[in-house]
There are 2 protein chains.
Amino acid sequence: MATIKDIAKLAGVSVTTVSRALNGYSDVNADTRKRIEQIAKEIEYSPNALARSLVMKHTKTIGLLVSGLSRDGAKDNIVFDVLTGINEYCGSMGYDLVLFNTTTSKQKEKTYAQLCRERRVDGVIVQGIKKDDPYLIEIFDSNIPCVLIDVPVENEHTGYVSTDNVDGSMKAIRHLAELGHINIAMINGHDQAYVSKERRKGFELGMVEEGLDIHSEWIVNGEFTELKAEEVAYHLLVDSPEITAIFCASDLMALGVMRAAFELGKRVPDDLSIVGYDDITLASYVTPALTTIAQDTFRMGYEAADLLLKILHQTDEKRVQLIDNELKVRKTTKRCK
Amino acid sequence: MATIKDIAKLAGVSVTTVSRALNGYSDVNADTRKRIEQIAKEIEYSPNALARSLVMKHTKTIGLLVSGLSRDGAKDNIVFDVLTGINEYCGSMGYDLVLFNTTTSKQKEKTYAQLCRERRVDGVIVQGIKKDDPYLIEIFDSNIPCVLIDVPVENEHTGYVSTDNVDGSMKAIRHLAELGHINIAMINGHDQAYVSKERRKGFELGMVEEGLDIHSEWIVNGEFTELKAEEVAYHLLVDSPEITAIFCASDLMALGVMRAAFELGKRVPDDLSIVGYDDITLASYVTPALTTIAQDTFRMGYEAADLLLKILHQTDEKRVQLIDNELKVRKTTKRCK
DNA sequence: TTGTACGCGTTATCAA
DNA sequence: TTGATAACGCGTACAA
């Protein structure tokens, strides 16, 4: 593989001159520059990013730490959407992405800092991390620039992007209340997710705001999975048939609830109204189409990358970026009988 | 950031010894090794992969060239699934993934070889590339180990993984013929995709095998998009109401055809049977659930990574890996009236 | 405008 | 069992 040394030899100049010519420095003769560029093209020279990074102290790469990069993560397209957003912005800024492997046990031995430092990534974007993940402390303590998705951590070198999950949930409850629903239940995710806490808070705030009673036994965890949500919703609806509406902390769980309702012979939305969260692709394709709180996940990724690069270049003091969410009324909610 | 030099100083030995100790060489005193490891931990040393790669001539990274990494690529979860499969295998083998940016115009100036050589990736996996993409020639001509998804290119250093698209399509036609369908149309993708050619061939072979007439005007391109497929299917069904079944080269397009049927007041599957291709997540969630030819896209990614590493280490002569596909009969196909 | 010399952090060769 | 020393490919003071 060709190096600047080869070019130097061929052009009869020193490597310094070649380096300067190729990097667009002004203090190099126009003729020599042209000659050098010509030769570079001829021998198909590509700069060695490794060698360059070694001396330049930056790699122009962003590390990606993604938990949901597993087989069933495909159903909700959230991870993918965020990834796409990150990719879009990073690409436009000349940064490449490296996917870290946190899934396999082999790599799990490595600490967060080790992972990042080995590859010498300039910064990291973290997605799908749980509250009790040991990485979280490391992220905070290390001095590696980092942006998290949906996990509020703030620091000199770390920030986050999220949506207003409290407000989003309140929108859902308001919508349900407007339709005359009083007995509203909630299927939440799990206690290891920050969004779950927020969405529950929004649920409760919304209920209070609307003057509705909160039955704490009507708030159950569905583990963010369709199956578990189906199961808990089934029992919930059997035990408390007076429930007329369920707010779910994710669309996937809402799908599970729809199944449970079907099994019990309850029609959606006639007998049971359902509101989801996320607006995944499936939401608008299932029948009936799911009413949900939409998050612009692509934009979350895009803004995360933007925020990270700003932290990197210290061009901004901002450490938090909130994205709008929006109630999308479709076919799973209806006026209470 | 700590280096082996720091450790050497602290331990009172040479860098050579440190290097050997940390890399598990046998010719180093047990005591010194222990001391070195101890110090390494204390000062939080991580090896610099850049420096190592510079001398080792390999980076333990695989480059990913993905075309469908765009916002609407989320609907069909194919790209994501393949990515997950690649990630799974590479992770288990200690390889990291770097996502190349081919989408943005800025990076589009770079040639394939430049992209790969700059980052010094050990190999590349290419997905979603079209027949007329200039990269294709480069992939063949360069000597960079590469595995393509669904593009038959074979070489000393390049191979591919795919499914038997001819056979898959024949399965679809056989199924339709068994149900008594005679007037079968096909919505294909576009001419820049290899799979389109294959699936068309399978369609035709299947029709011949079943003794059915092929109407060439009943084979139209839907560009692999839902919208375009809906449009062409609409016209097709208006012009030729005798059509009772449509085979689509992708599930997304099948969804478009379902819409077209709905607009025309045709019931699926009573008035029109539809078979898709891919078995994306949406396929089993829409109503009626889509009959389709399922591809194990996760496995395609997994096997692609496996094949690539084998080419890399020259442990196998194999350059092609075919994955099974399978007809999944659901609710969009029915006996012809 | 150009060249010399050094350093980035590592591994590898050879000699001690 | 250990240590100098030379690479790897590049950028950059400093000198010319």
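Residues numbered from 1 in each chain as written. Chains lettered and ligands numbered in written order. Predicted model: local features only at pLDDT ≥ 70, side-chain atom pairs only at ≥ 80, totals over all residues. Heavy atoms only, no water.

Concerning the protein's contact with DNA strand C
Stated formally: If even one non-hydrogen atom of a residue comes within 4 Å of a molecule or strand, that residue is called near it. Strands here are runs of E lasting at least two residues and helices are runs of H or I lasting at least four, both read from the DSSP assignment and numbered beginning at the N terminus. Ten residues, namely Ala, Val, Leu, Ile, Met, Phe, Trp, Tyr, Cys and Pro, are considered nonpolar, four, namely Asp, Glu, Lys and Arg, are considered charged, and the remaining ones, Gly among them, are considered polar.
Not every one of the 28 residues close to DNA strand C is listed here, only the nearest: A:Thr16, A:Thr17, B:Ile4, B:Ser19 and B:Tyr45. Restricting the count to atoms of DNA strand C within 4 Å of the protein gives a sugar and phosphate share of 67%. The greatest single-element share of the surface near DNA strand C, amounting to four residues, is contributed by helix α4 (residues 49-56) of chain B. For the surface near DNA strand C, the residue count by class is 11 nonpolar, 12 polar and five charged.

Topic: the interface of chain B and chain A
The line we're drawing: A contact between two residues is defined here by any heavy atoms of the two lying within 4.5 Å. The quantity reported as buried area is the accessible area (1.4 Å probe) lost by two parts once they are put together, taken as the sum for both. A pair is scored as a salt bridge if a Lys or Arg side-chain nitrogen falls within 4 Å of a carboxyl oxygen belonging to Asp or Glu. What qualifies as a polar contact is a pair of N or O atoms within 3.5 Å, subject to a donor-acceptor requirement within protein and to the restriction that residues adjacent in sequence count only when both atoms come from side chains.
Counting from both sides, the interface comprises 59 residues of chain B and, opposite them, 59 residues of chain A. With both chains or domains summed, chain B and chain A bury close to 5400 Å², and 56% of this area falls on carbon and sulfur atoms. When the area that chain B buries against chain A is broken down by residue, the three leading residues are B:Phe80, B:Arg119 and B:Tyr285, summing to 15%. In this structure, A:Asp96 and B:Arg119 form a salt bridge, with 2.8 Å as the shortest nitrogen-oxygen distance. Scanning the region where chain B abuts chain A turns up 15 residue pairs in polar contact (both at pLDDT 80 or more). Here the side of chain B that touches chain A takes 10 residues from helix α5 (residues 78-92) of chain B, the largest share from any one element.

Concerning the domain arrangement of chain A
All names here are of chain A. Inclusion rule: Note that domain bounds follow an automatic or database assignment of domains.
Here chain A is described as being made up of domain 1 (4-47), domain 2 (61-163 + 297-324) and domain 3 (165-295). Measuring from the centre of the C-alpha atoms in domain 2 to the corresponding centre in domain 3 gives 29 Å. Taken together, the 16 residues of domain 2 in the interface contact 17 residues of domain 3. For the pair domain 2 and domain 3, the summed buried area comes to about 1400 Å², and 54% of that belongs to carbon and sulfur atoms. When the area that domain 2 buries against domain 3 is broken down by residue, the three leading residues are Lys75, Lys131 and Thr163, summing to 40%. Applying the counting rule to domain 2 against domain 3 returns one salt bridge. Salt-bridge contacts for Lys75 lead to Glu226; the nearest nitrogen and oxygen are separated by 3.4 Å.

What to know about the protein's contact with DNA strand D
Around DNA strand D, 27 residues are found, and the nearest of them are A:Ile4, A:Tyr25, A:Tyr45, B:Thr17 and B:Asn29. Restricting the count to atoms of DNA strand D within 4 Å of the protein gives a sugar and phosphate share of 66%. In the environment of DNA strand D, a phosphate oxygen lies 2.9 Å from a nitrogen or oxygen atom belonging to the side chain of A:Ser19. Between a phosphate oxygen of DNA strand D and a main-chain N or O atom of B:Asn29, the distance comes to 2.7 Å. Where the surface near DNA strand D is concerned, the elements lending two or more residues are α1 (4-11), α2 (15-22) and α4 (49-56) of chain A together with α2 (15-22) and α4 of chain B. Broken down by element, the residue count for the surface near DNA strand D peaks at four residues, all from α4(A). When grouped by side-chain class, the residues that make up the surface near DNA strand D number 11 nonpolar, 11 polar and five charged.

Overview of helix α3 (residues 30-42) of chain A
Count 3.6 residues to each turn of an α-helix, and residues three or four apart come out pointing the same way. Residue and element names in this part refer to chain A. We count it as follows: Any helix carries an expected span of 1.5 Å times its number of residues minus one. The rule is simple: take the accessible area with a 1.4 Å probe, protein chains only, and divide by the maximum for that residue type; under 20% is buried, over 50% is exposed, in between is partly exposed. To be clear, the arc concerns the directions from the helix axis to the C-beta atoms.
With 13 residues, α3 should reach 18 Å at 1.5 Å per residue; the first-to-last C-alpha distance of 18 Å fits that figure. Among the residues of α3, those classed as buried are Thr32, Arg33, Ile36, Ile39 and Ala40. Each buried residue of α3 sits inside an arc of 130° when the element is viewed along its axis, so together they form one side. Those residues of α3 that are exposed and aimed more than 90 degrees away from the buried face are Ala30, Asp31, Lys34, Lys41 and Glu42.

Focus: a nonpolar patch on the surface
Selection rule: Patch membership requires more than 30% relative accessible area and the absence of a salt bridge. Residues of like charge join within 9 Å; the nonpolar side chains Val, Leu, Ile, Met, Phe, Trp and Tyr join within 5 Å. Only the protein chains shown count as cover for residues, and the accessible areas themselves come from Shrake-Rupley with a 1.4 Å probe.
Taken together, A:Leu54, A:Val55, A:Met56, B:Leu54, B:Val55 and B:Met56 make up a surface patch of nonpolar side chains, about 540 Å² in accessible area. Sorting the residues of the nonpolar patch by element identifies α4 of chain A together with α4 of chain B as the ones contributing at least two each. Along the polypeptide, A:Leu54 turns up in helix α4.

Some words on the sheet that holds strand β9 (residues 273-278) of chain B
Residue and element names in this part refer to chain B. Which entries qualify depends on this criterion: When DSSP finds two or more bridges between two strands, those strands count as paired. Comment: axis = line fitted to C-alpha atoms, over the contacting stretch for helices; angle = value between 0 and 180 degrees taken between N-to-C directions.
Strand order in the open sheet formed by six strands is β7-β6-β8-β9-β10-β12, with mixed pairing between adjacent strands. Two strands close off the open sheet at either side, each with one partner strand: β7 (219-221) and β12 (325-328). The mean inter-strand angle of the sheet, taken between neighbouring strand axes irrespective of direction, is 15°. Pairing analysis gives three bridges linking strand β8 (residues 245-248) to β9, with the strands arranged parallel.

Topic: the relation of the copies chain B and chain A
Here the second copy of the chain follows from the first by a rotation about an axis and a shift along it. Let me state the cut-off plainly: What sets the superposition is a least-squares fit of C-alpha atoms, and only residues with pLDDT of at least 70 in both copies go into it.
Overlaying chain B with chain A gives an RMSD of 0.0 Å, the required rotation being 180° about an axis along which the chain moves by 0.0 Å. Such a combination of turn and shift is consistent with a two-fold rotation axis. It is B:Val98 whose C-alpha, among those of chain B, lies nearest the rotation axis, at 2.1 Å. A shared binding surface is used by both copies, with 100% of the interface residues of chain B retained as interface residues in chain A.

Some thoughts on the pairing of strand β6 (residues 184-188) of chain B
The side chains of a regular strand alternate between both faces of the sheet. All names here are of chain B. Of all five residues in β6, five are buried; the element is thus mostly enclosed. In terms of strand pairing, β6 meets β8 through four bridges, oriented parallel. Following the sheet pairing, Ile187 is matched in β8 by Cys248. Pairing geometry for β6 and β7, over three bridges, is parallel. By the bridge assignment for β7, Ile187 is matched with Val220.

So, the packing of aromatic side chains
Two descriptors summarise a pair of aromatic rings, namely the distance from one centre to the other and the angle between the planes of the rings. Residue and element names in this part refer to chain A. For clarity, the cut-off: Centre distance within 6.5 Å is the pairing criterion for rings of Phe, Tyr and Trp, where only the six-membered ring of Trp is used; planes under 30 degrees apart are then read as stacked, over 60 as edge-to-face, and the remainder as tilted.
Per the stated rule, a full pass over the model turns up nine aromatic pairs over all chains. Seen from their ring centres, Phe247 and Tyr277 are 6.3 Å apart, and the 55° between their planes marks the pair as tilted. With Phe247 in strand β8 (residues 245-248) and Tyr277 in strand β9 (residues 273-278), the pair connects residues that are 30 residues apart, well separated along the chain. Judged on exposure class, the residue Phe247 and its partner Tyr277 are both buried. Aromatic side chains Phe298 and Tyr302 sit 6.3 Å apart centroid to centroid with 20° between the ring planes, which places their arrangement in the stacked category. Taken together, the residues span about one helical turn, with Phe298 and Tyr302 both in helix α14 (residues 297-313) at a distance of four residues. With a relative accessible area of 12%, Phe298 lands in the buried category. The class of Tyr302 is partly exposed, set by a relative accessible area of 29%.

Examining the packing of helix α9 (residues 165-178) of chain B against helix α10 (residues 194-209) of chain B
The description of two helices packed together rests on the angle between their axes and the distance between the axes. Residue and element names in this part refer to chain B. What counts, and what does not: To sort the angles, those under 35 degrees are grouped as roughly parallel, those over 145 as roughly antiparallel, those from 65 to 115 as roughly perpendicular, and the leftovers as oblique. Should the near helix be turned anticlockwise from the far one by less than a right angle, the crossing is termed left-handed; should it be turned clockwise, right-handed.
Running from N to C, α9 and α10 cross one another at 40°; their axes reach a closest spacing of 7 Å. Taken together, the axis directions place α9 and α10 in an arrangement best described as oblique. Relative to α10, the crossing made by α9 is right-handed. Where α9 approaches α10, its residues Asn165, Val166, Ser169, Met170, Ile173 and Arg174 are matched on the opposing element by Val195, Glu198, Arg199, Lys201, Gly202, Phe203, Leu205, Gly206, Met207 and Glu209. Tallied by class, residues from the contact of α9 with α10 come to seven nonpolar, four polar and five charged.

So, the UniProt feature "domain: HTH lacI-type" (unreviewed entry) in chain A
The criterion, for reference: UniProt positions are given in the numbering used here, feature names are shortened, and annotations may be inferred rather than shown by experiment.
Mapped onto the present numbering, the UniProt feature "domain: HTH lacI-type" (unreviewed entry) falls on residues 2-56 of chain A. Split by type, residues 2-56 of chain A is 67% helix and 0% strand. Its first and last C-alpha atoms lie 20 Å apart.

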